[in-house]
Amino acid sequence: VCFIPGGLDCSISFVSHVLGKVCIRGRQKEILGIVVPRLTELTRSDCIWQRICWRLLECVPDRWMEAVVLGFVQRAPGADALSRLLGNLVVKNKKAQFVVTQKVLLLQYGHTTEVLQNLLGYLALDSARRALLLRVLQELLEAWGSSSAVKHSPPEQQLYISKAILICLSHLKEPEIQSCRQELLTSMMEGVKCHLDSSLPQIRRLGMVVAESISSRVNTEGPLLKFEYEDDDETRELKSLLVQTPPLCVVPSPTDDKGDKADAALPLVPEGNQNSQAAAPVMADEESDAELDSDDDLVPYDMSEDKELKTKAPVYIRDCIEVLTGSEDVDKWEAAVKALESLVRRNPAATREVSVELAKILLHLEEKSCIEGFVELRQRAQVAVLTTDPIPVSKYLTSQFYALNYSLRQRMDILDVLVLAAQELSCPKFHGKNKHSGAQKPPVHLLPGSDSSKDWRRIVDERIKSKTRRFAVGQCHVEKASGPNEFSSVAGHFFFPLIQQFDRPLTTFDLLGEDHLVLGRLVHTLAVLMYLAVNTVVVTAMGKALLEFVWTLRFHTDSYVRQGLLSCISSLLLSVPAELLLADMAEELLEAQSWLADVVEKDPDGDCRRLALQNLLLMENLKKKLEAVPS
Amino acid sequence: MALPPPDPQFVLRGTSAAVHTLRFSCGGPEPDIPVLFSGSENGIIHVWNLKTHRVGTALDGHGRKSIYCVETMGGKDRLLSQGRDQRICFWDLAEGRTSVTDSVFTEHVGFCRCSLLKVAQGRWLMAMAARGLEEVQVLELPSKTSVCTLKPEGGAKLGMPMCLKLWQPSSGSQPLLLAGYEDGSVVLWNVTMGKALSQLVCHQEPVMSLDFDSEKAKGISGSSEKVLSIWSLNEQQNLQVYKTHKLVNTGISDVTIRPDKKILATAGWDHRIRIFGWKKLKPLAVLDYHTATAHCVSFSDHSSPRDTLLAAGSKDHRISVWSVYTQT
């Protein structure tokens, strides 16, 4: 592509046509891979080449414009390069405008952060295009803040939109932000509400980060919005988008403002430190003691008994109960809370006498003084009580789950305690290897068991050992003693009461309505309980009830709940023996299979699709196993 | 090999209430009986005979309200007591009398012990917390005229004064007052001029007690936190922190330096009395006898250093008397 500048009036519309046709045919990569770098070089300093490039693109027919513009946007090495290549194309050409401002940002979400940076930086660089930038920001915020979008669009798209919003914010100057301050704040408030409502922690975090960033740009004085969340790679990446590094070339960029602000903040901090140091008292530590040290005459006594004063912990469970319910003495209360779990475990008989009372006290126990790890201490004590006396305590706890006037946190605590206790009961106490060590809390995502491969090896070894005659007994291995599975007798008590009342709303607790977070946790809990009930007698009945439960809820709008339902199916398929599945639940499972296939294709949430696929695989494996057994 | 801590020489029982304050009066020549005055929570001042270890007299002058300060005014015949009935009473105990000769109504509802300083024969200065929240009033005794009222200026929120100490750098010069406040600071006041010379933040919690060694211009303060703070006074009358010492358990109720300036004793909320060397604050002993918070410690004023005693009063109604480090 070589032109002779110098007075010749060339028409390059032919070239535009060729370019467009090639791009739309799918050869975007090849041709633009050569054209774009070449043009970037040529347009770096030469204005004529810039104008040629602009003309080139303007002449591309509308029906091919999208492919060409998209290709350029993806391949341009930077926002300024894109600006040189495209010029004010977005302002002049309606199709280009649509592609850049709507399609790439709102309708697609597969592009990288770099592409977003280039695109939005391009919009920010020229005053003619900045109006578009503002409009883009408003539309992005609308999309971010709409509650249906938050509920139904995939998390990846929401992340993409959040990134775009943050980059826009980083490019806007103060007066521009002030002019649309009100709209920014309104959309932010609505958006934050929808995001915080979601059950997925990732969505909540996205909402929090974006809201914080908006608030920090809009309200430069006054208290800033600050959420509490754990920083991870994603949030750090998002926050880094707010600060633009100035580009390498000479083009003055509006991002310098942001850089200056960051620099200005740094000198303030060391000053603050110095002030506080000056206020601290002057240490006269170089005072030389010229006097004779007559202190040496005074011989110290033995002070090894001088230790910290500790309140004695109560030694009896009934003492603990008394202290926890009545006592005003905070030291004693702390000592009782710390000692309770070990006391319960060491005195099972005494615990059984007062188990329900203890469970009640622990459920309502609130933090009286600041102890480290109070929540964990309380939970461990509750688990200890539940495992020592499972049946009455589980009856109490499951009834309280559906009772009035408990906080959501307390109801979820009940579920956590039930799961931890079930885990403990179902693991024979003397086993070294803990198969469920990964599953500390719900949700439990189970892969089709690879446990079976370890099992057969063990069985073969044992068979060999039993068949060989030993003449001399060498060092005998102490066989690890195994205990009975204590969960089997109580599994039903844990499971059925939880599943019975889920569709009856109370005034303060509506599982099927607002409290879908608790519903999600309940579903995950049921999945874990199902999994832990493997090899128990009641597993078939549990399986049937669970399948019915899942069936009624399968179209729930909350993706956390749907993930839980799919885990329930997995647990079901893993725990109930295959023959019983076939005998009792064959029809329902076939229906479930078609539902699962539907989920794999159409569900917006990636995790749901993955779980559904796993379930289908499990079903396939079962079918094969059943066919392989000679009948 | 360090010796195990000593046991008390003897223990005085019989107060039947928590002991809040102690004062020895043992300086008189023979055949004067050395006595120990103790003030208790039930409002009774017991005069203990240190030879028989029994109560000689019991003085009841504060309407059963707790006594938190007793001071002798030149010998054991004249006593000052301060109680929670907002009064300071002056007793005449000579020749077996037990009468209140005078009293001052302080209108102070806190626990700040007053401080006495003898300026001339028969004339005393007394610093006490007064009616206003942050005020300290200095009275001249026996006329009970107010010398000055010391109020922190500006908006300095120091809180209530917690402990006071009047002293004179050398005889005849202007008296100075050290006051420890609720916010953890110690202020040096010039009494004659009525203004503050220096202020130092020693603690994060209220200063519970302080004592000062005027010879070395060094003082020590104890608080409700785990730290003892030692500060010094330089030539420009400025207070500076000299050292801090971290304790094993929180809370000090009382701190006092022995008259020979060799050792000091602290009474702790952890029921223990600790002895330190004054020069470098070297820990010397931990006396563990009481079973409840120790409220007060006091050294005796025996003329012979070999007889010096240390008394500690506690919430467990007992007064333990110890003889430690009496050989010099």
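These lines cover the structure that appears in this document, whether it is placed above or below. (Residues numbered from 1 in each chain as written. Chains lettered and ligands numbered in written order. Predicted model: local features only at pLDDT ≥ 70, side-chain atom pairs only at ≥ 80, totals over all residues. Heavy atoms only, no water.)

1. Topic: the overall build of chain A
Stated precisely, the cut-off is as follows: For helices the rule is a DSSP run of H or I covering at least 4 residues; for strands it is a run of E covering at least 2, with both sets numbered from the N terminus onward. Throughout this description, buried means an accessible area under 20% of the type-specific maximum (1.4 Å probe, protein chains only), exposed means over 50%, and partly exposed covers the range between. In what follows, a contact means two residues having at least one pair of non-hydrogen atoms within 4.5 Å. A 1.4 Å probe and the Shrake-Rupley method give the accessible areas. Residues count as covered only by the protein chains that appear here.
Counting secondary structure elements, chain A contains 29 helices and 0 strands. The buried share among the 631 residues of chain A stands at 45%. Restricting to contacts in chain A with at least 6 residues of sequence separation, those with at least 24 account for 74%. Carbon together with sulfur atoms contributes 55% to the accessible area of chain A, which is approximately 34800 Å² in total.

2. Observations regarding the sheet that holds strand S18 (residues 207-213) of chain B
Sheet strands line up and pair through hydrogen bonds in the backbone, either parallel or antiparallel. Residues and elements named next belong to chain B. Just so we agree on the cut-off: When DSSP finds at least two bridges between two strands, those strands are taken to pair. Lines fitted to C-alpha atoms define the axes, with helix axes restricted to the stretch in contact, and inter-axis angles between N-to-C directions lie between 0 and 180 degrees.
Taken together, 4 strands build an open sheet; the order of strands is S18-S19-S20-S21 and the sheet is antiparallel. Two strands lie at the open edges of the sheet, namely S18 and strand S21 (239-246), each paired on one side alone. Mean inter-strand twist for the sheet, computed between neighbouring axes without regard to direction, equals 20°. Pairing of strand S19 (residues 218-223) with strand S20 (residues 227-233) involves 5 bridges; the strand directions are antiparallel. The residue bridging Gly222 from the neighbouring strand is Leu228, located in S20.

3. Some words on the packing of helix H8 (residues 127-145) of chain A against helix H10 (residues 155-171) of chain A
Residues and elements named next belong to chain A. What counts, and what does not: What makes a crossing left-handed is the near helix being turned counterclockwise from the far one by less than a right angle; a clockwise turn instead makes it right-handed. The classification used treats Ala, Val, Leu, Ile, Met, Phe, Trp, Tyr, Cys and Pro as nonpolar, Asp, Glu, Lys and Arg as charged, and all other residues, Gly among them, as polar.
One way to put it is that H8 packs onto H10 with a least axis distance of 10 Å and a crossing angle of 145°. Crossing geometry of H8 relative to H10 is assigned as left-handed. Across the interface between the two elements, Arg130, Leu133, Val136, Leu137, Leu140, Leu141, Ala143 and Trp144 of H8 pack against Ile161, Ser162, Ala164, Ile165, Cys168, Leu169 and His171 of H10. Grouping the constituent residues of the contact of H8 with H10 by class yields 12 nonpolar, 2 polar and 1 charged.

4. Focus on the packing of aromatic side chains
Our working rule: Aromatic rings from Phe, Tyr and Trp, with only the six-membered ring used for Trp, were paired whenever their centres fell within 6.5 Å, and each pair was classed as stacked if the ring planes differed by under 30 degrees, edge-to-face if by over 60, and tilted otherwise. In this scheme, Lys NZ or Arg CZ marks a charge over a ring once it lies within 6 Å of the ring centre and within 35 degrees of the ring normal.
Here the structure, examined in full by the defined rule, presents 9 aromatic pairs over all chains. Aromatic side chains Tyr68(B) and Phe111(B) sit 6.1 Å apart centroid to centroid with 55° between the ring planes, which places their arrangement in the tilted category. Taken together, the positions of Tyr68(B) in strand S6 (residues 67-72) and Phe111(B) in the loop between strand S9 (99-105) and strand S10 (115-120) put the pair 43 residues apart, joining distant regions of the chain. Pairwise contacts between aromatic rings join Trp167(B), Phe212(B) and Trp231(B) into one cluster. Of note, Arg554(A) hangs over the ring of Trp551(A), and the distance from its end group to the ring centre comes to 3.7 Å.

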